[in-house]
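Architecture and fold: a report
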Amino acid sequence: MPDVLSAPLVVEFPFTRSLGPVQSAFLTGLRERVLLGVRTNDGRTLVPPVEYDPVTAEEIRDLVEVAPTGTVTTWAWNHAPRRGQPLDTPFAWVLVRLDGADTALLHALDAPGPDAVHTGMRVRVRWAAERSGAITDIACFEPYDGEAARPTGHSGAFADAVSGVVVPARLDYTYSPGRAQSDYIRALAERRTVGERCPSCRKVYVPPRGACPTCGVATAEHVEVGPRGTVTTFCIVNIKAKNLDIEVPYVYAHIALDGADLALHARIGGIPYDQVRMGLRVEPVWTEGTRHPDHYRPTGEPDAAYDTYKELL
Amino acid sequence: MSKEPVAVVGIGQTRHVAARRDVSIAGLVREAARRALDDAALTWADVDAVVIGKAPDFFEGVMMPELYLADALGAVGKPVLRVHTAGSVGGSTALVAANLVAARVHGTVLTLAFEKQSESNAMWGLSLPIPFQQPLLAGAGGFFAPHVRAYMRRSGAPDTIGALVAYKDRRNALKNPYAHLHEHDITLEKVVASPMLWDPIRYSETCPSSDGACAMVLTDRAGAARAPRPPAWVLGGAMRSEPTLFAGKDFVSPRAGQDCAADVYRQAGIADPRRDIDAAEIYVPFSWYEPMWLENLGFAEEGEGWKLTESGATGLDGDLPVNMSGGVLSTNPIGASGMIRFAEAALQVRGQAGEHQLDRARRVLGHAYGGGSQFFSMWLVGSAPPDS
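Residues numbered from 1 in each chain as written. Chains lettered and ligands numbered in written order. Predicted model: local features only at pLDDT ≥ 70, side-chain atom pairs only at ≥ 80, totals over all residues.

Regarding the overall build of chain A
Each helix and strand in chain A was counted, giving three helices and 18 strands. The globule rule puts the C-alpha radius of gyration for 313 residues at 20 Å, and the 30 Å found for chain A is more than 25% above it. The buried share of chain A, taken over its 313 residues, is 36%. Relative to all contacts within chain A whose residues are 6 or more apart in sequence, the contacts with residues 24 or more apart total 57%. (Helix = DSSP H or I, 4+ residues; strand = E, 2+ residues; numbered from the N terminus. Rg over C-alpha atoms; globule rule 2.2 N^0.38 Å. Buried ≥ 20, exposed ≤ 12 C-beta atoms within 10 Å, placed from the backbone. Contact = placed C-beta atoms within 7 Å.)

A short note on the pairing of strand β11 (residues 193–197) of chain A
All names here are of chain A. With four of five residues buried, β11 is to be regarded as a mostly interior element. Note: β11 against strand β13 (residues 221–225), five bridges, orientation antiparallel. Note that in β13 the partner of Glu196 across the bridge is His222. Two elements, β11 and strand β12 (residues 204–205), share two bridges in a ladder whose sense is antiparallel. Within β12, the residue paired with Arg197 across the bridge is Val204. In textbook terms, the turn of a hairpin is the stretch between consecutive antiparallel strands, and for β11 and β12 this stretch comprises six residues, one of which, Arg202, has a positive phi near 70°. (Pairing = 2+ DSSP bridges.)

Focus on unusual backbone geometry
The amide bond that connects A:Val206 to the next residue, A:Pro207, takes the cis arrangement and shows omega of -10°. Locating A:Pro207 in the fold gives a position in the loop between β12 and β13. The residue after B:Asp199, namely B:Pro200, is reached through a cis peptide bond having omega 15°. Mapped onto the secondary structure, B:Pro200 falls in the loop between β5 (196–199) and β6 (201–202). The backbone of B:Ala41 shows a phi angle near 55°, a positive value even though the residue is not glycine. Examined against the element boundaries, B:Ala41 turns out to sit in the loop between α1 (25–40) and β2 (49–54). Phi at B:Ala86 takes a positive value of approximately 50°, unusual for a residue other than glycine. Looking at where B:Ala86 falls in the secondary structure, it is placed in the loop between β3 (80–83) and α3 (89–102).

Here we look at helix α6 (residues 161–173) of chain B
Residue and element names in this part refer to chain B. Between its terminal C-alpha atoms α6 stretches 19 Å, which fits the 18 Å expected from 13 residues at 1.5 Å a residue. Within α6, twelve of the 13 residues are buried, leaving the element largely enclosed by the surrounding structure. Taken together, the buried positions of α6 are occupied by Ile161, Gly162, Ala163, Leu164, Val165, Ala166, Tyr167, Lys168, Asp169, Arg170, Asn172 and Ala173. Those residues of α6 hidden inside the fold are in contact with α7 (188–193), α11 (289–296) and α12 (305–311). (Expected span 1.5 Å × (residues − 1).)

Here's the deal with the sheet that holds strand β3 (residues 45–46) of chain A
All names here are of chain A. Pairing is antiparallel across the open sheet formed by three strands, whose spatial order is β3-β2-β4. Either end of the sheet is taken by a strand with one partner, and the two such strands are β3 and β4 (63–66). Relative to β4, strand β2 (residues 35–39) is paired through four bridges, and the arrangement is antiparallel. The residue of β4 that forms the bridge with Leu36 is Glu65. Where helix α1 (residues 20–31) meets the sheet, it contacts β2 and β4, and its direction lies at approximately 155° from that of β2. (Axes fitted to C-alpha atoms, helices over the stretch in contact; angles between N-to-C directions.)

Re the pairing of strand β8 (residues 122–127) of chain A
Residue and element names in this part refer to chain A. For strand β5 (residues 69–78) and β8, the ladder comprises three bridges, and the chain directions are antiparallel. Its bridge partner lying in β8, Thr69 is registered against Arg124. Of the strand pairs in this sheet, β8 and strand β9 (residues 138–143) are connected by five bridges, and their pairing is antiparallel. Of the residues in β9, the one forming a bridge with Arg124 is Glu142.

Considerations on the domain arrangement of chain A
All names here are of chain A. One can read the domain layout of chain A as domain 1 (7–170), domain 2 (178–225) and domain 3 (227–313). For domain 2 and domain 3, the distance between their C-alpha centroids amounts to 20 Å. Listed by partner, the interface residues are twelve residues for domain 2 and eleven residues for domain 3. When residues of the side of domain 2 that touches domain 3 are traced back to their parent elements, those giving at least two are α2 (178–189), β11, β12 and β13. When the residues that make up the side of domain 2 that touches domain 3 are grouped by side-chain class, the tally is eight nonpolar, two polar and two charged. (Domains from an automatic or database assignment. Nonpolar A, V, L, I, M, F, W, Y, C, P; charged D, E, K, R; others polar.)

With respect to the packing of α3(B) against helix α13 (residues 334–350) of chain B
All names here are of chain B. It is the contact of α3 with α13, at a shortest axis distance of 5 Å, that shows an interaxial angle of 60°. Our classification of the angle between α3 and α13 gives oblique. On the side of α3, the interface is formed by Val89, Gly90, Gly91, Thr93 and Ala94, while α13 contributes Gly335, Ala336, Ser337, Gly338, Met339, Ile340, Arg341 and Phe342. (Parallel < 35°, antiparallel > 145°, perpendicular 65-115°, else oblique.)

Comments concerning the sheet that holds β3(B)
All names here are of chain B. On the basis of which strands lie adjacent, the open sheet formed by nine strands has the order β3-β2-β4-β7-β1-β8-β11-β10-β9 and mixed pairing. In this open sheet, the two strands that pair with only one neighbour each are β3 and β9 (279–281). Each strand axis lies, on average, 25° off the axis of its neighbour in the sheet, ignoring direction. Its contacts with the sheet put α1 on β1 (7–13), β4 (108–116) and β7 (211–219), and the angle it makes with β1 is roughly 140°. Of the strands in this sheet, β2, β3, β4, β7, β8 (232–241), β10 (363–370) and β11 (375–382) touch α3, which is tilted by about 165° from β2.

A few points about the interface of chain A and chain B
Each partner contributes residues to the interface: chain A has 48 residues there, and chain B has 45 residues. Elements that contribute at least two residues to the side of chain A that touches chain B include exactly β1 (7–18), α1, β10 (164–175), β14 (229–237), β15 (250–257) and β16 (264–268) of chain A. No other element matches β1(A), which puts eight residues into the side of chain A that touches chain B. Taken together, the residues of the side of chain A that touches chain B sort by class into 29 nonpolar, twelve polar and seven charged. In this sheet, β5(B) lies alongside β14(A) in antiparallel orientation, the contact comprising two bridges. Counted as the bridge partner of A:Ile236 is B:Asp199 from β5(B).

Focus on the nonpolar core
Judged by nonpolar contacts, the single largest core of 198 residues is most densely connected at A:Leu109, B:Val29, B:Leu112, B:Ala346 and B:Val381. Each residue touching B:Ala346, except ones within four places of it in the same chain, is listed here: B:Val8, B:Ile11, B:Met216, B:Ala232 and B:Val381. (Core = buried A, V, L, I, M, F, W, Y, C linked by C-beta atoms within 7 Å.)

If you want it as structure tokens, here you go:
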């Protein structure tokens, strides 16, 4: 097994959601401790509600209040709660059919252990202390052996309904660039650029991918390229990107390193941005503590003739 | 056994805008689907299958949204297929639907594509901070701008061409009530004076970010015979793909695009696209892609596409109108953008395009591309059925 690099990759983003009329009523209801379902054309009450009838496909808007008590229809014990889940101690995922509803809602049940949970058990909503119009306004469900609660007869109309929610998403990956790119990255630490040659078409790929995308065969033969190269095409970036610590304007260029059969992408420096041109000869500028060349700068050689790089744009 | 001819009998789209905060994703797709069914005078029960497309799930952060959208699209109890080919997906989705009809798997198929960009983050979805890589670039414009420069160098086009395209498409959009941008006071001078974002691409030469959906009802000969309005007939359709980056890739005129067009023309019996095709809706997210794709699609010789644009031939009153709807430059709900091109081609041959209807639109090309110029999908539609 070759020595392959890996590193954590976390992507996080707070997505916004426009709710539309039905989900808006449902979530606003939770804020007001009112549970709302929607009535289908065949007279069933769906909780959580949907906008369109699953049987007839017709739009449905007939909101119906149901009770904050209900019955567990099935469940699964969660031994090890993860970040962002409703409870931080072990709990049961439950489907709860609220009294007055014909379908079940997924939520968490706070119970001391799996022995305390069974299908058919009675539960009630435990409301969150702080409510904003979100499914988390129900903190969780809890066991309940009292009378079924009664709906208040709410119409589903609210004065200041929520129209959107923000849903933070987070994905945790372990990223591995694979064998070929790991070799490439290690060579960069020695300030060398090493690609791989396809055994079939003989093209040199930089960075290498471990396979030739044209021939579909594995590549293994290391080929050192550069360090000098030719700017084959470029653009001048005038808008500053968030999370990118580069002053604008700057030149983003395709550079065909000498000996490589396709261009890699890098920034050009050491020359006013408006003097960069196709065919400019460049070399890497390395700085301490960075893996890649910080940028490429002119070598002072005469520009390359167009015919020498026109296939490498 | 020959293929079943495929007819477009219903077209619907939302009025595309920057943000539709009044509807959920379900509500958005529903609007387009409902309008397409109304156009075809059909009900949900008349649809045999639903084929849906959108850009990557990361955009809105809803994984496999087609599952949750089944209710809204009347798809419960029917096959639902999801197609995914990046920016070309709207076109590929329509072609998958068309193939289901052509193969006689289904008689009538609802196909739909959407994007709710106001709720999404395309930048985040496309530019993950990959470990070990050098962060260099943000946005699709920075990716495509060097290829535009390469085109300018190769063709010798004057640097005024991009602005001409943007001015034309934004003017066309004024005649299309569904277009997102309606810049009533647009002038060529304003386009030229707009800031350079990724030189050589100016702000006014880039597409907007839109919320929108587009839907079509495709059906067989029997379905077409029942349709209340003239159908558009699919005369040819094809998809091609190639890697984003490989030694020898020609970003200015990708081989996959050429091959895709050639396949469509062969199916439709088109010997000379410039002569035999009346108009084209081409996926042009940055203005310079009009002359580039005109060459890639065979409407002009290599290096000559900009001359068509410069001559006015691609204007609404030219002899090869391009992007009558205002194009992607005026409307860009990413996942839907390809289908809007396909739908516009169909609207034109049906004579249903409204104020931007062409006098002569017997055969019109719809085109989409996606990813790093790696996916292509196209169809040619006609006012007369194939082999007639």
